[in-house]
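Listed here are the chains, written in short residue letters.
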Amino acid sequence: MGKTRNVGDISRSGNKRKRGEVNSADVNYGNVMRKNRDVTASSKGGALKTKKNKGSDEKGKGRAGKAKVERKKPEKVQKARKRAKKDEFPGIRTRSAPLQFYKCVRALTEQQRAAVREMGFGRMLTFSVDGLPAKLGYFVVDNFNPDKMLICTPAGDIKVNRKVIHKLLGIPTGGQKFSSIGKLPMVSDAITEWRARYPGAMVPPTKMVKMIDDSDGEDSFDFRMDFIMCFVAVLVDCHKQSCLREEILEYLDEEMDFATIDWCDFVVEKLRTCKDTWNRLDPQSFFVGPLAILMLLYVDSVECTGMEVDSAVCPLAFWNFKRLRERERLEILAGGFGAGRFKGLTRPRNYNVEQWATKEERLTILRQLIYVTKKNKVKIEGMLDSLLVESHEDEEVQELKSTFDSLFEKKDSEREDHDDAVDLASHKINSGLEDLRSDEKNHINEGENAGDGIDDDFSDGSPIVSLYRKSLIRQNKKSVKVG
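Thresholds applied
- Residues numbered from 1 in each chain as written.
- Predicted model: local features only at pLDDT ≥ 70, side-chain atom pairs only at ≥ 80, totals over all residues.
- Heavy atoms only, no water.
- Phe/Tyr/Trp six-rings, centres within 6.5 Å; stacked < 30°, edge-to-face > 60°.
- Helix = DSSP H or I, 4+ residues; strand = E, 2+ residues; numbered from the N terminus.
- Buried < 20%, exposed > 50% of the residue type's maximum accessible area, 1.4 Å probe, protein only.
- Salt bridge = Lys/Arg side-chain N within 4 Å of Asp/Glu carboxyl O.
- Pairing = 2+ DSSP bridges.
- Patch = residues over 30% accessible without salt bridge, like charges linked within 9 Å, V, L, I, M, F, W, Y side chains within 5 Å.
- Areas by Shrake-Rupley, 256 points an atom, 1.4 Å probe, with all protein chains shown as cover.
- Lys, Arg positive; Asp, Glu negative; His and termini not counted.
- Charge placed at Lys NZ, Arg CZ, Asp CG, Glu CD.
- Contact = heavy atoms within 4.5 Å.
- Polar contact = N/O pair within 3.5 Å; in protein donor to acceptor, adjacent residues only side chain to side chain.
- Axes fitted to C-alpha atoms, helices over the stretch in contact; angles between N-to-C directions.
- Parallel < 35°, antiparallel > 145°, perpendicular 65-115°, else oblique.
- Left-handed = near helix turned anticlockwise from the far one by under 90°.

Chemist: What exactly am I supposed to notice about the packing of aromatic side chains here?
Modeler: For any two aromatic rings, the description comes down to two numbers: the centre-to-centre distance and the angle of the planes. Applying the stated criterion across every chain yields a total of 18 aromatic pairs. Measuring from ring centre to ring centre gives 6.0 Å for phenylalanine 121 and tryptophan 263, while their planes differ by 70 degrees; the resulting arrangement is edge-to-face. Of this pair, phenylalanine 121 sits in the loop between helix H5 (110-118) and helix H6 (134-142) while tryptophan 263 sits in helix H12 (residues 263-272); the two residues are 142 residues apart in sequence, bridging distant segments of the chain. Accessibility assignment for this pair places phenylalanine 121 and tryptophan 263 in one class, buried. Members of the aromatic cluster, connected to one another through ring pairs, are Phe101, Phe121, Phe127, Phe178, Phe223, Phe227, Phe231, Tyr251, Trp263 and Phe266.

Chemist: Sorry if this is basic, but what is going on with the pattern of salt bridges here?
Modeler: When the charged atoms of two side chains lie near each other, side chains of opposite charge can form a pair. Enumeration according to the criterion identifies 20 salt bridges in this entry. As a salt-bridge pair, arginine 117 and glutamate 110 come within 3.6 Å of each other at their nearest N and O atoms. Through salt bridges with shared partners, a single network forms among Glu118, Asp219 and Arg224.

Chemist: Quick question: what am I supposed to make of the sheet that holds strand E4 (residues 144-145) here?
Modeler: Sheet strands pair via backbone hydrogen bonds, and the direction of the pair is either parallel or antiparallel. Taken together, the three strands give an open sheet; going across it, the order is E4-E5-E6, and neighbouring strands pair in antiparallel fashion. Of all the strands in the sheet, just E4 and strand E6 (156-159) have a single pairing partner and so form its edges.

Chemist: Looking at this structure, how should I read a negative patch on the surface?
Modeler: Taken together, Asp189, Glu193, Glu254 and Glu255 make up a surface patch of like negative charges. On the basis of relative accessibility, which here comes to 71%, the residue glutamate 255 falls in the exposed class.

Chemist: How do you make sense of the pairing of E6 when you look at a structure like this?
Modeler: Each regular strand carries side chains that alternate between the two faces of the sheet. Judged from the four bridges that link them, strand E5 (residues 150-153) and E6 form a sheet pairing that is antiparallel. Residue isoleucine 151 lies in a different strand from E6, and its bridge partner there is isoleucine 158. What sits between E5 and E6 in their antiparallel hairpin is a turn of two residues.

Chemist: Honestly, the environment of lysine 183 in this entry has me stumped. Any pointers?
Modeler: Relative to the elements of secondary structure, lysine 183 occurs in the loop between helix H8 (178-181) and helix H9 (189-196). Given a relative accessible area of 54%, lysine 183 falls into the exposed group. Measuring from C-alpha to C-alpha, the distance between lysine 183 and leucine 249 comes to 8.8 Å, with 66 residues separating the pair along the chain. Discounting residues that sit within four places of it in the chain, lysine 183 has contacts with Glu250 and Tyr251. Engagement of the side chain of lysine 183 in a polar contact is seen with the side chain of glutamate 250, the distance being 3.3 Å.

Chemist: Quick question: what am I supposed to make of the packing of helix H13 (residues 291-301) against helix H15 (residues 321-333) here?
Modeler: Angle between the axes and distance between the axes are the two parameters that describe a pair of packed helices. Contact geometry of H13 with H15 gives a least axis separation of 12 Å together with a crossing angle of 60 degrees. The orientation of H13 relative to H15 falls into the category oblique. For the element pair H13 and H15, the recorded crossing hand is left-handed. Judged by residue contacts, Met295, Tyr298 and Val299 of H13 engage Leu324, Arg327 and Glu331 from H15.

Now the structure itself:
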């Protein structure tokens, strides 16, 4: 008789079995596979899964004879995914949250609002940003280059300079810089009295807002200091404890007109050093610079698919925490920040200025509108006269002429008075053009945002400059043709 082979040697021997011969090893293997399938099928409906343990006599049991189970860990998987997503879009921690300035603006009386306009901060009265999303904030700060003064995005680079800050915030520019004012020999009595109203080592914005809210609502030097210092501490530069940096008090006194200070230059200089104390790799590091200003520059310069923005509304009034958080959500869903179309800052001429403009600013705008209206009136009259010569009996032409005449139909005396007023306004505008032309050399080197037109405004945001440029181009073309 031949030698009897062990069952375990059959599979390794390579010998073929005879047809119909049953192998005990196959039977055992099939039983094990069926048990595993049954256990796996039942575990899909529950939270437990049987695991085979080496050294056990029965499949699925440990050495002690008890079934060894392994729990599914969906919570850990979800946490891991959230952690990976957080690493992809980290958030920023800031001490310059805008909520307190938002409350400050809402607490002002009409008399105090008039004082704010007089100081040149009228547009800040529309400030509606009551919070900032952390992930969008991290992207903006991380991509801000303080050496080149650019916010570098995939859509394009956003330039940050005095002109851009003025276009966004509307605060005074072109006046005295703090570097030229210099520190005073000693803190003035008025500043000392103002500081004495805040006992303690530091002045937090919360106390300044409460001081404004509890005041009698009248305009005073203390109120103006409260408002300006709240603006500085919340939106420009603050201490690590979210309090005012009191070095600025050494430059101010009660005789200083806040409207004559170049606040745009002050913001720009603080932006140059705003990242010195921030560590992008440390999640516990706080950013104490102008986060709200950087974020508003970004969201107003780069479009986002699915986000409807009303360009007729000032960005300070349009954007709030709810809209900024929705903007953050949409950009993350699109794959990342800065992937939209670059359009540049919204031009101030498109804003509804009734909410923030002073009386003098509105008068200037009205003079400009009257000047343009007069030019359009002369052009319309010329076109109508030519149409009347060609088609005198045409009904459409006659209807247009009647409509036009009804718009400007006045008595002769009223017409003469109106023309005199228009001429006076035109004279004032023309005299102002000389000042604008003389200032052009001072502002031409500051640069403009990518995407801005060639007829962009100067630092004062006056739309009459583009009209002046276009008129010069037309005059040059005419002179060339005549020559």
